[in-house]
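# Chains, contacts and geometry: an overview
Each chain, written out:
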Amino acid sequence: MAINVAAYNLIREELAESGATLVAVSKTKPASDIQALYGLGQRDFGENYVQELVDKVPQLPQDIRWHFIGHLQSNKVKYIVPFVHLIHGIDSEKLLREVSKQAVKNNRNIDVLLQVHIAQEETKFGLDAGELGGLLNNFEAEPLPGVRIRGLMGMASFSGNKDVVGAEFRYLRSLFDQHAARTSEGLLFDLLSMGMSGDYQLALAAGSNLVRIGSLLFGARN
């Protein structure tokens with residue numbers, strides 16, 4: 001078995017204390033590894049690449065909750081909308097509108113998170129605080145059918161400095177709290193997705209309730 005059962009059980013215990021949900025990040029991993037973790041009770045899995053996700057879905061149990069956690073291009077939305085459980089990385093109003101359009105076509109309501117840029121690296125995607133507020137204001141004025149904004153997602157700097165990473169997570173939590181009082185149609189701010197294999201404990205301390213963990217469970221990526 002290619003999965004780390006001991007690490008999985010330990011992480012599940014840690015998350016149980018905070019009530020956070022584990023998304024097992026299975027990108028580049030074979031369906032057999034996902035099936036093995038499914039056999040231990042895991043149901044939430046995250047993928048970064050549309051084609052890989054589309055290929056895996058028919059090979060695996062239908063009650064898996066698939067999270068799309070990578071950078072999503074508008075022209076690829078139509079391929080995942082028929083089955084996706086949660087899209088983590090909405091980083092523009094254009095992308096949100098495309099999800100709405102495809103959701104209506106498929107007679108589905110799609111839950112999404114808005115991605116905020118909190119890291120020092122320029123390579124990571126996401127909205128800044130002003131863009132986030134503007135998008136939410138526009139959504140309140142004109143709710144989009146077929147989509148429901150459930151909260152925020154962010155990725156911290158790739159840094160060994162825990163003070164830097166912790167501060168970035170606390171900043172995202174402050175933005176989450178700032179907008180959580182919005183109660184318009186299509187808005188339900190109850191999910192804060194932050195924290196990965198190297199920093200999930202810092203994320204939990206800052207209030208994350210959805211962590212995305214891959215290498216600790218499946219080993220290093222190919």
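Residues numbered from 1 in each chain as written. Predicted model: local features only at pLDDT ≥ 70, side-chain atom pairs only at ≥ 80, totals over all residues. Heavy atoms only, no water.

## Concerning the pattern of salt bridges
Pairing is possible between side chains of opposite charge, provided their charged atoms come close. One pass over the structure, following the stated rule, counts 11 salt bridges. Among the salt bridges present, the one from Arg 182 reaches Glu 140, with a minimum N-O distance of 2.6 Å. With Arg 182 in the loop between helix H7 (162–179) and strand S7 (187–193) and Glu 140 in helix H6 (residues 129–141), the pair connects residues that are 42 residues apart, well separated along the chain. Connected via shared salt-bridge partners are Asp 111, Arg 148, Arg 150 and Asp 190. (Salt bridge = Lys/Arg side-chain N within 4 Å of Asp/Glu carboxyl O. Helix = DSSP H or I, 4+ residues; strand = E, 2+ residues; numbered from the N terminus.)

## What about the layout of surface pockets?
In this model, the largest pocket occupies a volume close to 700 Å³. Residue lining of the largest pocket: 32 residues in total, with Met 155, Met 196, Ser 197, Gly 198 and Asp 199 positioned closest to the centre. Breaking the lining of the largest pocket down by element, the ones donating at least two residues are H7, helix H8 (200–205), strand S8 (210–213) and helix H9 (215–218). With three residues, the top contributor of residues to the lining of the largest pocket is H8. For the lining of the largest pocket, the class distribution of residues is 13 nonpolar, 13 polar and six charged. (1 Å grid on protein atoms, 1.4 Å probe; cavity = no way out; pocket = protein on both sides within 12 Å on 5 of 7 lines; lining within 4 Å. Points joined across faces, edges and corners; volume = space filled by probe spheres on them. Nonpolar A, V, L, I, M, F, W, Y, C, P; charged D, E, K, R; others polar.)

## Thoughts on the side chain of Lys 56
Along the polypeptide, Lys 56 turns up in helix H3 (residues 50–56). Side chain to side chain, Lys 56 and Glu 47 meet in a polar contact 2.8 Å long. Separated by 2.7 Å, the side chains of Lys 56 and Glu 52 make a polar contact. Apart from the residues lying within four places of it in its own chain, the contact partners of Lys 56 are Ser 26, Lys 27, Thr 28, Lys 29, Ile 34, Glu 47 and Trp 66. (Polar contact = N/O pair within 3.5 Å; in protein donor to acceptor, adjacent residues only side chain to side chain. Contact = heavy atoms within 4.5 Å.)

## Side note on the UniProt feature "modified residue: N6-(pyridoxal phosphate)lysine" (unreviewed entry) in the protein chain
Following the UniProt record, one finds the feature "modified residue: N6-(pyridoxal phosphate)lysine" (unreviewed entry) at Lys 27. Within the secondary structure, Lys 27 is located in the loop between strand S1 (21–25) and helix H2 (31–39). (UniProt positions renumbered as here; feature names shortened; annotations may be inferred.)

## Some points on the environment of Leu 216
Take Leu 216: it is sitting in helix H9. Distance from Leu 216 to Met 196, taken between C-alpha atoms, is 9.3 Å for residues 20 residues apart in sequence. Ignoring sequence-local partners within four residues, the contact set of Leu 216 consists of Asn 4, Ala 7, Ile 11, Ser 197 and Tyr 200.

## Overview of the packing of aromatic side chains
Taken as a whole, this structure holds two aromatic pairs when the rule is applied. Pairing Phe 45 with Trp 66 gives two aromatic rings, centres 6.2 Å apart and planes at 45°, and the pair type is tilted. With Phe 45 in strand S2 (residues 44–47) and Trp 66 in strand S3 (residues 65–68), the pair connects residues that are 21 residues apart, well separated along the chain. Aromatic pair Phe 176 and Phe 189: ring centres 5.7 Å apart, planes at 40°, arrangement tilted. Pair noted here: Phe 176 is in helix H7 and Phe 189 is in strand S7, with a separation of 13 residues, a long-range link. Residue classification places Phe 176 among the buried positions, given a relative accessible area of 10%. With a relative accessible area of 9%, Phe 189 lands in the buried category. Here the basic side chain of Arg 43 rests over the ring of Tyr 38, its NZ or CZ set 3.6 Å away from the ring centre. (Phe/Tyr/Trp six-rings, centres within 6.5 Å; stacked < 30°, edge-to-face > 60°. Buried < 20%, exposed > 50% of the residue type's maximum accessible area, 1.4 Å probe, protein only. Lys NZ or Arg CZ within 6 Å of the ring centre and 35° of its normal.)

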